[in-house]
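A structural walkthrough
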Amino acid sequence: MMKSHDPAAHDSPAPEPASRGTRGLSKAPTGAGGLSRRGLLGLAGAGAAISAASFTGGRATAADAPQESTPPSAPDSYPFYGAHQAGIVTPAQDRLHFAAFDLTTTSREDLVALLTAWTAAAAEMTAGRPVGGDPTSYDSPPNDTGEAQGLHASRLTLTFGLGPSLFRDAAGRDRFGLAARQPQALRRLPHFPADNLDPARSDGDLCVQACADDPQVAVHAVRNLARIAFGTAALRWSQLGFGRTSSTSTLQATPRNLFGFKDGTANLKAEEPAALSEHLWVGDDDPSAAWLAGGSYLVARRINMTIETWDRTSLREQENLIGRDRRDGAPLSGGTEFSPPDFTVKGREGEPLIAMDSHIRLAHPTQNGGVQMLRRGYNFTDGSDALGRLDAGLFFLAYVRDPRTHYIPMQTRMSREDGLMEYLQHRGSALFAVPPGVRTGQFVGHSLFA
């Protein structure tokens, strides 16, 4: 199989993936009409606000949309070790398996042992190797579950996060002697207006984000990590995703969400180091989070879309709600997809061409103190609900330097004013601190325990 490229550069832009094929292992390889939106509100049910910048926002850098590029030399794997965790600015893969875990142990030693075991397994799986090597005993369970045998690494990345409840329980008790090191910014996200959260799909002590170009490779990774955690941590909730809804590299074209619109036009890109330092990576200037320097914060929100109601809404109404042309993604003020939106332009009747309650206006950096975020969201479809409607939507993932400045104010405003809230319902919510990258010989979160 192909070897990983330079570990020091694993979270920098990379070409698109090589084709799917067989891993070079011999024994046990590893490896979701024109009626008005208000007239249909009763059909749609209680709406909730769209997550901040989860669809489209203006971006004023490139003149034309980039075209996907797949050079023949594209790497099939990314190294696990490096300055930052892979799976953040790494070019977004097509498939996701996200999982949140609750610890079932009260032992700090057990927690460290789990993180150490997860680190070793992650390094093997992202390189396309079986967990624990080839089987050594015919009479014992194999070290690896085996369903990815014969598959490439498929650009698998595994990104780990730590929830607020890891530091203190609901009563404020110090669970593992870590309370004094809990970052000030790491608190449960507030209950935003119109949220309709399911506790069973929210929060968690630990999380893992598995992204790959093959869904079986991503599922295999989480399955192995869950098995390793048995007796120490239990799966709290998980989410499968397909069809990335953002681009994290200029080599990637802007994808579309399930509403049919281009998503993530204004996303931070790996090729913008200054912007990443300002808006993505935690600095060393926060005394409560010195161990988190070089890491980030991850916002996870499960957003259900009322697909059937949206599909019966006129194209004019849809575009006015988004603030962009559906075909090309250009702002309604004119230009191309990456043209900066002009919020001052008015139509014949004196109303702004980009509506006051449009998503692009409320999400755009110029309307939010210049803050930006790096999104890695995915579409999901989880069958149908009890009423026969699609259980589908956007699994919103965003990395920010500080959720108190880069997410919460924006989402609070959008949840009250965004016209799209009539078509959406936020059902899951979580915030995690994502430690910096892992150095050889250390484990995920090593700096927290140092």
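Relevant structure appears above.
Throughout what follows, the structure given in this document is the object of discussion. This structure is a prediction, so every number in the text was calculated from the model and none was measured. (Residues numbered from 1 in each chain as written. Predicted model: local features only at pLDDT ≥ 70, side-chain atom pairs only at ≥ 80, totals over all residues. Heavy atoms only, no water.)

1. A few points about the overall build of the protein chain
- Helix and strand counts for the protein chain come out as 10 helices and 9 strands.
- Out of the 450 residues in the protein chain, the part that is buried amounts to 56%.
- Working note: accessible area of the protein chain is about 17,600 Å², and carbon and sulfur atoms make up 53% of it. (Helix = DSSP H or I, 4+ residues; strand = E, 2+ residues; numbered from the N terminus. Buried < 20%, exposed > 50% of the residue type's maximum accessible area, 1.4 Å probe, protein only. Areas by Shrake-Rupley, 256 points an atom, 1.4 Å probe, with all protein chains shown as cover.)

2. Let's talk about the pattern of salt bridges
- By the definition in use, this model includes 16 salt bridges.
- Here Arg 155 ties to Asp 213 by a salt bridge, and the two come within 2.6 Å at their closest N and O atoms. Of the two residues, Arg 155 is situated in the loop between helix H2 (108–126) and strand S2 (157–162) and Asp 213 in the loop between strand S3 (206–212) and helix H3 (215–229); the sequence distance between them amounts to 58 residues.
- In the salt-bridge network here, residues are joined through shared partners; they are Arg 302, Asp 382 and Asp 391. (Salt bridge = Lys/Arg side-chain N within 4 Å of Asp/Glu carboxyl O.)

3. Focus: the pairing of strand S1 (residues 95–103)
- With 7 of 9 residues buried, S1 is to be regarded as a mostly interior element.
- Across 7 bridges, the pairing between S1 and S3 is antiparallel. Bridge pairing in S3 places His 97 opposite Ala 210.
- Inspection of the sheet shows S1 paired to strand S4 (residues 233–244) by 9 bridges, in the antiparallel sense. Bridge pairing links Phe 101 to Leu 235 in S4. (Pairing = 2+ DSSP bridges.)

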